[in-house]
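Structural features, examined
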Amino acid sequence: MNDFPIKNDSARISDNVCIDTKRIYDSCVSKDCLEDLRVTFNDESQALVDNADSIRTRDCDISAVSIDVDEVPFNRGYYSVTVNFYFRLRFDTYSSPGAMPRVAIGYANFEKKCILFGSEGKVKIFTSPAEQRRSDCPEAPKYTNPVAKVQAVDPVVLDTDVVEVCHCRRHCCTTFPDSIRSALGNSRYPQNPQKAVLVTVGLFSIIQLSRDVQLLIPAIDFCIPERECACSTQSPCESFQNIDFPVNEFFPPDAEDIDSTGYCPQ
């Protein structure tokens, strides 16, 4: 049991408090179909691609995102947000029909730009993080532009195409940040690649512009947890016996048992 009292009268507003938080001034939702993104490989993975009889895309995820925010000239309060998505893709390469696949890892990027309203503010914000206190002048960075936030899910690979380099519809070399170049395993691009891999992916994202503001809000009470932590002292086998048998994993539902959201009703 809890050793402290819990206030159940949650409908009573006890006070108004001032909080420092971020306010979203503008946001947008994007559904992008990115056609023929050129995949960049290191020497080892490029050799697998060049010698492959067939290639299949295994998966694609967002490896990194870089964001730049710049003021829009002659348009007060608006900002240009430049977002660079860096995708990591894994491919199963088959040297001959029936052969065991070998995995080739490559990277692709996509640059997206949008203009959002971020309001005006020339206030310089200084904070005092612990790591700054060890310096001679404990001065934190200054912020005048709004802060951009990007939310995205891993892309859906819609198509994979392998073409000869001479027929490639996009320039072969892409500039990647050092973190991506190190993930490639080496910093050298293949000198004479024979084949190029082009992928088409679908990307869902949300871009927001926000600023630090002070808001006065009604407060009911502190957020005191009402549920005790479940600290199990059972043996592993006893804990396993308490888990329900996963019937749905063995007997997949029919189409009429799945609702429009793709989930089975319980």
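Here is a short report on the structure shown in this document. (Residues numbered from 1 in each chain as written. Predicted model: local features only at pLDDT ≥ 70, side-chain atom pairs only at ≥ 80, totals over all residues. Heavy atoms only, no water.)

All right, on to the overall build of the chain then. The number of helices and strands found in the chain is four helices and eight strands. The N-to-C order of helical and strand elements in the chain reads β-β-α-β-β-β-β-β-α-β-α-α. Split into buried and exposed, the 266 residues of the chain put 28% on the buried side. Within the chain, contacts between residues at least 6 apart in sequence are counted, and of these 81% link residues at least 24 apart. Element-wise, carbon and sulfur atoms account for 52% of the exposed surface of the chain, whose accessible area totals about 18,700 Å². (Helix = DSSP H or I, 4+ residues; strand = E, 2+ residues; numbered from the N terminus. Buried < 20%, exposed > 50% of the residue type's maximum accessible area, 1.4 Å probe, protein only. Contact = heavy atoms within 4.5 Å. Areas by Shrake-Rupley, 256 points an atom, 1.4 Å probe, with all protein chains shown as cover.)

What follows concerns the nonpolar core. Residues F87, L89, F91, V197 and V199 are the most contacted members of the largest nonpolar core, which totals 29 residues. Residue assignment for this core shows that the elements contributing at least two residues are β1 (15–38), α1 (43–50), β3 (54–71), β4 (78–94), β5 (102–117) and β8 (195–219). Ranked by residue count, the leading element in this core is β4, at seven residues. Aside from chain neighbours lying at most four places away, what touches F87 is L34, L37, C60, D61, I62, S63, G106, Y107, A108, F110, P155 and L203. (Core = buried A, V, L, I, M, F, W, Y, C linked by side-chain atoms within 4.5 Å.)

Scanning the entire structure with this criterion turns up six salt bridges. For R90, the salt bridge identified is with D59, shortest N-O distance 2.6 Å. Of this pair, R90 sits in strand β4 while D59 sits in strand β3, and the two are 31 residues apart along the sequence. (Salt bridge = Lys/Arg side-chain N within 4 Å of Asp/Glu carboxyl O.)

Taken together, the side chains of V17, I19, L215 and I217 define a hydrophobic patch exposed on the protein surface, amounting to about 240 Å² of accessible area. Listed by contribution, the elements that provide at least two residues to the nonpolar patch are β1 and β8. In this structure L215 comes out as partly exposed when scored by relative accessible area, which is 35%. (Patch = residues over 30% accessible without salt bridge, like charges linked within 9 Å, V, L, I, M, F, W, Y side chains within 5 Å.)

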